[in-house]
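# Architecture at a glance
Residue-level listing of the chains:
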Amino acid sequence: MIQGIATMPTAATFVTIRQAVKSDIDALVRLLQQLFEIEADFEFCERRQRRGLEMLIDGQLSWVIVAEVAGKVRAMCSVQLLVSTAEGAMSALVEDMIVHRCWRGIGLGKRLLTSACELAEERGATRVQLLADQENLPALGFYSHMNWNRTQLIALRKMLG
């Protein structure tokens, strides 16, 4: 699905879904800043977010997909593969999913998430999962609309270092 360029006309412009490259990092950092403004568990730090994005883009088991509108990155979705003992196969984790606040509601998120799932399946994943802020009702509604199911699991974390 992602090997070529996917385009979709919207309001006299085109949307391109593609894998991110290092030259996209400035735009991706700005998107992450918007995401972390609505997620209570994370704090924006440009240096850390740049380093993380570089690692994702350079990774063999990770990727970032972007939605470009008229040549500018307006949305992103980062994905990482990991081994699932429950599946006996690879599983994909959506780490960051954000559509710029001015570009929501025109299908960018749907296109990104669909492409992320297709690419994860092509790379051997049998399940895709994500974490969402429990107070982000628009995001939870979006995922529900996209047929994502809640689980009985809760997220726990421990900071190291």
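Residues numbered from 1 in each chain as written. Predicted model: local features only at pLDDT ≥ 70, side-chain atom pairs only at ≥ 80, totals over all residues. Heavy atoms only, no water.

In terms of regular secondary structure, the protein is built from four helices and six strands. Along the protein, from the amino end to the carboxyl end, the secondary structure elements read β-β-α-α-β-β-β-α-β-α. For the protein, whose C-alpha radius of gyration is 15 Å, the value lies close to the compact-globule estimate of 15 Å for 161 residues. C-alpha extents for the protein along the principal axes are approximately 45 × 35 × 30 Å. For the protein, the residues scored as buried account for 41% of the 161 residues in total. Across the protein, every contact between residues at least 6 apart in sequence was considered, and the portion connecting residues at least 24 apart equals 60%. (Helix = DSSP H or I, 4+ residues; strand = E, 2+ residues; numbered from the N terminus. Rg over C-alpha atoms; globule rule 2.2 N^0.38 Å. Buried < 20%, exposed > 50% of the residue type's maximum accessible area, 1.4 Å probe, protein only. Contact = heavy atoms within 4.5 Å.)

All right, on to the nonpolar core then. Counting residues in hydrophobic clusters, the biggest one holds 25 residues, and the most contacted among them are Cys77, Leu112 and Leu113. Breaking this core down by element, the ones donating at least two residues are strand S2 (13-19), strand S3 (62-69), strand S4 (72-84), strand S5 (89-99), helix H3 (108-122) and helix H4 (137-145). The element best represented in this core is H3, accounting for six residues. Among all residues touching Cys77, those that are not within four sequence positions of it are Trp63, Val64, Ile65, Val94, Asp96, Met97, Leu112, Leu113 and Ala116. Counting 17 residues, the second-largest nonpolar core is a separate cluster that includes Ala20, Leu56, Ile57 and Val66. (Core = buried A, V, L, I, M, F, W, Y, C linked by side-chain atoms within 4.5 Å.)

Positionally, Glu118 belongs in helix H3. Each C-alpha atom of the pair Glu118 and Arg150 lies 20 Å from the other, and the pair is 32 residues apart in sequence.

Under the defined criterion, the tally for this structure stands at three aromatic pairs. One aromatic cluster is present, formed by Phe142, Tyr143 and Trp148 through successive ring pairs. Between Arg123 and the ring centre of Trp63, over which it is positioned, the NZ or CZ distance is 4.4 Å. We note Arg157 situated over the ring of Phe42; from NZ or CZ to the ring centre the distance is 5.6 Å. (Phe/Tyr/Trp six-rings, centres within 6.5 Å; stacked < 30°, edge-to-face > 60°. Lys NZ or Arg CZ within 6 Å of the ring centre and 35° of its normal.)

Another aspect to go through is the pattern of salt bridges. Where charged atoms from two side chains of opposite charge approach closely, those side chains can pair. Applying the stated criterion to the full structure yields seven salt bridges. Between Arg18 and Glu68 there is a salt bridge, with its nearest N and O atoms 2.7 Å apart. Taken as a pair, Arg18 in strand S2 and Glu68 in strand S3 lie far apart in primary sequence, 50 residues in all. There is no split in this pair, since Arg18 and Glu68 are both buried. Because the salt bridges share partners, they merge into one network encompassing Arg18, Asp24 and Glu68. (Salt bridge = Lys/Arg side-chain N within 4 Å of Asp/Glu carboxyl O.)

Turning to H3, a few remarks are in order. Spanning 15 residues, H3 covers 21 Å between terminal C-alpha atoms, matching the ideal 21 Å at 1.5 Å per step. Restricting attention to buried positions, one finds in H3 the residues Leu108, Gly109, Arg111, Leu112, Leu113, Ser115, Ala116, Leu119 and Ala120. The first or second residue beyond H3 is Gly124, which carries a positive phi of 100°. (Expected span 1.5 Å × (residues − 1).)

So yeah, pure geometry; function would need other evidence.
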